[in-house]
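The primary structure of each chain is shown beneath.
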Amino acid sequence: MDSPKLALLKQTLADNDASLTKPRIMVFELLDRPEPQTLSSLVRASKGHLDRASLYRTINLFEDLGIINRINTGFKYKLELSDRFNRHHHHLTCISCGRIINTEDSQFEDLIMKQADRHHFVLRDHQLEIQGICQNCTQA
Ligand SMILES: [Zn+2]
Ligand SMILES: [Zn+2]
């Protein structure tokens, strides 16, 4: 409860008149890992402490408040904590096995800022999703 991320979660919820409840802490902690998670993997990881209904409610709230991002991978999606909680990065998603590789490069960011500047556009947020086939799958 004393981690800076949890404090930020509490603040974000409080700013939106929501409180830090046990299920919310649990969902947040389940999402606080390097790999983006599917809904089923969250249900599995909660080991019976979360039912689908409360998971969906919490996920919807977290999305509305910008606490998490949804990564669309074809007809499915995965969830991860937003840039407010984790370092900004992009994804390389394998369309064959669904693996997501995190990638970051300051040149990407410079380029995006340049594009925004050129259009006198004030940048808030961006997501860049790259799809392809990972090394494991090309070798198989
Ligand atoms: Zn793959
Ligand atoms: Zn970026």
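Structure report, in brief. (Residues numbered from 1 in each chain as written. Chains lettered and ligands numbered in written order. Predicted model: local features only at pLDDT ≥ 70, side-chain atom pairs only at ≥ 80, totals over all residues. Heavy atoms only, no water.)

1. Some words on the coordination of the zinc ion (ligand 1)
For the zinc ion (ligand 1), the full set of protein donor atoms is Cys 94 (SG), Cys 97 (SG), Cys 134 (SG) and Cys 137 (SG), at a range of 2.2 to 2.4 Å. The site at the zinc ion (ligand 1) holds four donor atoms, and with the angles between them running 107 to 114 degrees, its shape is tetrahedral. On the basis of relative accessibility, which here comes to 44%, the residue Cys 97 falls in the partly exposed class. (Donors = N, O, S within 2.8 Å, 3.2 Å for Na, K, Ca; no water. Tetrahedral: all angles 85-135°; square planar, octahedral: opposite > 155°, others 65-115°. Buried < 20%, exposed > 50% of the residue type's maximum accessible area, 1.4 Å probe, protein only.)

2. Digging into the environment of Leu 8
Looking at where Leu 8 falls in the secondary structure, it is placed in helix α1 (residues 4-15). Sequence-wise, Leu 8 and Arg 84 are 76 residues apart; in three dimensions their C-alpha atoms are separated by 8.6 Å. Excluding anything up to four places from it in sequence, Leu 8 contacts Arg 84 and Phe 85. (Helix = DSSP H or I, 4+ residues; strand = E, 2+ residues; numbered from the N terminus. Contact = heavy atoms within 4.5 Å.)

3. Considering unusual backbone geometry
Positive phi is not limited to glycine here, since Lys 47 has a value of about 45 degrees. The residue Lys 47 is located in the loop between α3 (39-45) and α4 (52-64) in this model. Despite not being glycine, His 120 shows a phi value in the positive range, around 50 degrees. Structurally, the position occupied by His 120 is in the loop between α5 (106-118) and β5 (129-132).

All quantities given are derived from atomic positions and should not be read as evidence of function.
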